[in-house]
Amino acid sequence: MNYAPYAFMPKEKPYALYVHGMGSGAKSGTKSSRGHYLDGYEWLSPELPVESEEAMAILENYVNVLSPALIEGTSRGGLYLLYLDASEAVKMAINPTYNIETTLHCKHPYHCEREDGATEYTINEPLVKRYVAVRDQGIPRAAKRMVALFSTDDELVGREPAKQNAAALQHLGYEILWCDKFGHRLNQPAAKLLSKILLENDNQ
């Protein structure tokens, strides 16, 4: 695992950190898709293990070393970014699984090829308890701007749990947006919407 991203320095563009979800990895097409719409950033996306403590250590090191101007996270990645200390960054959480207790407990296939060679992962009660500890024991960190985008048709989380997640993030100070053009995973229409929001913010 890459704990120290010193190889990425120095930079010509501000860094953007994309935090993938539990079923994804560093080779996900989402990072390149985000770079296509927002090419003013140098996009990075470290591959994260299933274990929350190790994953948070990797992300905290990226933030501490590279000071990204933008942090985006989908699903589990949207939960993690809430606790990253990046006060000068813009945080964009996409379908963050804040109430992770509702997650389906079983084996799941990865959606992309993993650098570690794994093809599936298992969600069980001990794993969920460790994620809950991240949420309940962590300190949510404020940022320059905080936005959460939720799908109105999240096939993985479900409508009512998604509303509960949105209410929790609104309580934390996040601007809540809803979109009917995607499911749980970020797709092209939702990516375009996020890019428009960011570009409008930059032009203000």
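Preceding block: the structure.
What this report covers is the structure whose coordinates are included nearby. (Residues numbered from 1 in each chain as written. Predicted model: local features only at pLDDT ≥ 70, side-chain atom pairs only at ≥ 80, totals over all residues. Heavy atoms only, no water.)

Comments concerning helix α4 (residues 125–137)
Reasoning step 1: For α4, spanning 13 residues, the distance from its first C-alpha to its last is 18 Å, which sits close to the expected 18 Å at 1.5 Å a residue.
Reasoning step 2: Restricting attention to buried positions, one finds in α4 the residues L127, V128, Y131, V132, V134 and R135. Mapping the buried residues of α4 onto a view down its axis gives an arc of 150 degrees, with all of them on the same face. For α4, the exposed residues lying more than 90 degrees away from the buried face are K129, D136 and Q137.
Reasoning step 3: Its buried side turned inward, α4 meets α2 (52–66), α3 (76–80) and β6 (120–122).
Reasoning step 4: With a side-chain oxygen lying 3.0 Å from the backbone nitrogen of L127, the N-terminal cap of α4 falls on N124. (Helix = DSSP H or I, 4+ residues; strand = E, 2+ residues; numbered from the N terminus. Expected span 1.5 Å × (residues − 1). Buried < 20%, exposed > 50% of the residue type's maximum accessible area, 1.4 Å probe, protein only. Arc of directions from axis to C-beta. Contact = heavy atoms within 4.5 Å. Polar contact = N/O pair within 3.5 Å; in protein donor to acceptor, adjacent residues only side chain to side chain.)

Focus: unusual backbone geometry
Reasoning step 1: Not every positive phi belongs to a glycine, and S67 is a case in point at roughly 45 degrees.
Reasoning step 2: Along the polypeptide, S67 turns up in the loop between α2 and β3 (70–74).
Reasoning step 3: The phi torsion at N95 lies on the positive side, around 45 degrees, for a residue other than glycine.
Reasoning step 4: Within the secondary structure, N95 sits in the loop between β4 (90–94) and β5 (107–109).

Looking at the side chain of E47
Reasoning step 1: Note that E47 resides in the loop between β2 (42–44) and α2.
Reasoning step 2: With a relative accessible area of 6%, E47 lands in the buried category.
Reasoning step 3: Engagement of the side chain of E47 in a polar contact is seen with the backbone nitrogen of A26, the distance being 3.3 Å.
Reasoning step 4: Within the structure, E47 has its side chain in polar contact with the backbone nitrogen of D116 (distance 3.1 Å).

Geometric descriptors of this kind do not, in isolation, establish any biological role.
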